[in-house]
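Chain by chain, the residues run as shown.
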Amino acid sequence: MNRLLSVSLLLLFAISSCREPDSPQPASQPEPEPIVNYQSYLEPVKEAVFKERLLNFSPGFPTYWPQDRYLYTLPCFNPQDPYEIAYLRTDSEIISDCPMALFIFSFRTGEARQVSNNACYGLDWSNTGWLIYTGIDRKVWKVKADGDSLTQLAFGSGFHNDPKWSPNGKSFIYERILMTENGDLIGGITETFRPLAWINDSSILGSHGDPSKGLINYSIPSKQVESFIPNENLPGISYFRSGEMDIFVDPSLRRLTYFLRFDLQTQQIDTIRRTYTKYRYGVGDYTPQTKHAIVQLSRQDWKDSIANEIYSRSHLLMLDENGEELGIVQLPE
């Protein structure tokens, strides 16, 4: 019996040793990142139709009819994700002094979500994740991108116009008042200029009240002014390409029929292309990660040139790094 058991064990060992070893399981591969591009949500501007009609403007005063319920303004990129933008949406069916809601749109998912409903103008997105704006009460507010921690930052009298974050998100400026990210006063600027954009964390691009100084670099630590382009003053800009030191300028702000680029290093002003007084760019933003810009596009389209009725429309327009139009962003309502 013992001999039989021994033989059986030897046969079992021999059979098992002849088996092929189990092949190693392949390592699990991470899910591929989805391909992201702007083009999936861009629609070409059909400019030939309405621009021709605007050039042949009929006499008399037109009746304005809003074609779209929603108007979109003041876009800015997420500094941490160039495929995400914030913007303000106006509901034309609401009669209000400032009917704005703050939204975020993702070019990754095609989804939009509302963040707050007390915004009026002056939207900006910080490197630390905070959105800042002038509220319906004309005071400065900030809120997280998920709608959390809505906070009033400034309480002084008057209008708190167009707050702008510093590049590191540790401070902001509105009018000529400097504050920390938490709303603590750093100080006021006595130099008479209009802030346009931050050049870096310690200097600001501005349009000086003295026409001879023009576009300036204001140093916060030294309080010194350096003229970039003397005798050139702008009430605002479409967007600033800080790395290249270029300002792209809405034609409604200067030289009405051209979209312009101000090269601050060479003091050169270049004409990009002709535009029209009823086809205008507004405030926008530029992202160096993908070298794209996004601006507000305001335009008027004929509904009926015989009845003299016009649609007023406001879209978000994507541009390439040279300021050429790529298309209107198709936002979900």
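Above this note sits the structure.
Let me sum up the structure you'll find in this document. (Residues numbered from 1 in each chain as written. Predicted model: local features only at pLDDT ≥ 70, side-chain atom pairs only at ≥ 80, totals over all residues. Heavy atoms only, no water.)

1. Brief notes about the overall build of the protein chain
We count it as follows: Each helix corresponds to a stretch of at least 4 residues labelled H or I by DSSP, and each strand to a stretch of at least 2 residues labelled E; elements are numbered beginning at the N terminus. Relative accessibility under 20% of the residue-type maximum defines a buried residue, over 50% an exposed one, and the middle range a partly exposed one, all with a 1.4 Å probe and only protein chains included. All accessible areas in this document rest on Shrake-Rupley with a 1.4 Å probe, and a residue is counted as covered only by the protein chains that are shown.
Per the secondary structure count, the protein chain includes 2 helices and 26 strands. Expressed as a percentage of its 333 residues, the buried residues of the protein chain come to 47%. Surface accessibility of the protein chain: about 17700 Å² in total, with carbon and sulfur atoms responsible for 52%.

2. A short note on the sheet that holds strand β11 (residues 164–165)
Quick reminder of the rule: For two strands to be treated as a pair, DSSP must find at least two bridges joining them.
Pairing in this open sheet of 4 strands is antiparallel, and the strands run β11-β12-β13-β14 from one edge to the other. Looking at which strands have only one partner, the edges of the open sheet turn out to be β11 and β14 (185–188). Relative to strand β13 (residues 177–180), strand β12 (residues 171–174) is paired through 4 bridges, and the arrangement is antiparallel. Each residue of the ladder has a partner; that of Ile 173, found in β13, is Leu 178.

3. Description of the nonpolar core
Going by this rule: For our purposes a nonpolar core is just a set of buried Ala, Val, Leu, Ile, Met, Phe, Trp, Tyr and Cys residues, chained together by side-chain atoms within 4.5 Å. Working rule for contacts: check all heavy atoms of both residues, and any pair within 4.5 Å makes them a contact.
Formed by 19 residues in total, the largest nonpolar core has its most connected members in Ala 86, Leu 102, Leu 123 and Leu 131. Residue assignment for this core shows that the elements contributing at least two residues are β3 (70–78), β4 (81–91), β5 (100–106), β7 (119–125), β8 (130–135) and β9 (140–144). Once residues within four sequence positions are removed from consideration, Leu 123 is found in contact with Leu 74, Cys 76, Ala 86, Tyr 87, Leu 88, Leu 102, Leu 131, Ile 132 and Tyr 133. With 18 residues, the next largest nonpolar core counts Tyr 38, Phe 105, Phe 107 and Leu 316 among its residues.

4. Quick look at the pattern of salt bridges
A side chain of one charge can pair with a side chain of the opposite charge if their charged atoms are brought near each other. To be explicit about the condition: The salt bridge definition used is simple: a Lys or Arg side-chain nitrogen within 4 Å of an Asp or Glu carboxyl oxygen.
Considering all chains together, one arrives at 14 salt bridges under this definition. Here Arg 241 ties to Glu 244 by a salt bridge, and the two come within 3.7 Å at their closest N and O atoms. You can call Arg 241 buried: its relative accessible area is 8%.

5. Some words on unusual backbone geometry
Even without being glycine, Ser 149 reaches a positive phi, approximately 60 degrees. Of the residues examined, Ser 149 reaches a relative accessible area of 33% and is grouped as partly exposed. Positive phi is not limited to glycine here, since Met 245 has a value of about 60 degrees. Along the polypeptide, Met 245 turns up in the loop between β19 (239–241) and β20 (246–249). With relative accessibility at 13%, the residue Met 245 sits in the buried group.

6. Looking at the sheet that holds β20
Convention followed: Only C-alpha atoms enter the line fits that serve as axes; for helices the fit covers just the stretch in contact. Angles between N-to-C directions range over 0 to 180 degrees.
One open sheet accounts for 4 strands, arranged β19-β20-β21-β22; its pairing is antiparallel. Only two strands of the sheet have a single partner each, and these edge strands are β19 and β22 (268–274). In this sheet, adjacent strand axes meet at a mean angle of 20 degrees when their direction is disregarded. Bridge count between β19 and β20: 3 bridges; the pairing is antiparallel.

7. Concerning the pairing of β3
β3 sits mainly inside the fold: 8 of its 9 residues count as buried. In terms of strand pairing, β3 meets β4 through 7 bridges, oriented antiparallel. Looking at β4, one finds that Tyr 72 is bridged to Arg 89. Connecting the antiparallel pair β3 and β4 is a turn made up of 2 residues.

8. Details of the state of the cysteines
Cut-off, in case you're wondering: In this description, the term disulfide denotes a pair of cysteine sulfurs within 2.5 Å.
For the structure shown, the criterion picks out 1 disulfide. Here Cys 98 connects covalently by a disulfide to Cys 120, the sulfurs 1.7 Å from one another. Between Cys 98 and Cys 120 the disulfide shows an S-S torsion of about 110 degrees. By sign, it is right-handed. Here Cys 98, found in the loop between β4 and β5, pairs with Cys 120, found in strand β7; they are 22 residues apart in sequence, far enough to count as distant. Owing to a relative accessible area of 5%, Cys 120 belongs among the buried residues under this scheme.

9. Let's talk about the side chain of Asp 246
Note the cut-off: Polar contact is the term for a pair of N or O atoms within 3.5 Å; when the atoms are in protein, one must be able to donate a hydrogen and the other to accept it, and sequence-neighboring residues count only if both atoms are side-chain atoms.
Among the structural elements, Asp 246 can be located in strand β20. Residue Asp 246 is classed as buried on the basis of its relative accessible area of 3%. A distance of 2.6 Å separates a polar atom in the side chain of Asp 246 from a polar atom in the side chain of Arg 241. A polar contact is formed between the side chain of Asp 246 and the side chain of Arg 261, at a distance of 3.2 Å. Here Asp 246 is in contact with Tyr 239, Phe 240, Arg 241, Arg 261, Phe 262 and Asp 263, once residues within four sequence places are set aside.

10. Some words on the packing of aromatic side chains
The description of an aromatic ring pair rests on the distance of the ring centres and on the angle between the ring planes. We count it as follows: Each Phe, Tyr or Trp ring, with Trp reduced to its six-membered ring, pairs with another whose centre is within 6.5 Å; inter-plane angles below 30 degrees give stacked pairs, above 60 give edge-to-face pairs, and intermediate values give tilted ones.
Scanning the model with the defined rule gives 14 aromatic pairs in all. Relative to Tyr 83, the ring of Tyr 38 lies with its centre 4.9 Å away and its plane at 35 degrees, an arrangement referred to as tilted. With Tyr 38 in the loop between α1 (2–18) and β1 (42–43) and Tyr 83 in strand β4, this pair connects stretches of sequence that are 45 residues apart. As far as burial versus exposure is concerned, Tyr 38 and Tyr 83 are alike and both buried. Pairing Tyr 41 with Phe 107 gives two aromatic rings, centres 6.2 Å apart and planes at 70 degrees, and the pair type is edge-to-face. Within this pair, whereas Tyr 41 is found in the loop between α1 and β1, its partner Phe 107 is found in the loop between β5 and β6 (112–116), the two being separated by 66 residues in sequence. In textbook terms, an aromatic cluster arises when at least three aromatic residues are bridged by ring pairs, as seen for Tyr 38, Tyr 41, Tyr 83, Phe 105 and Phe 107.

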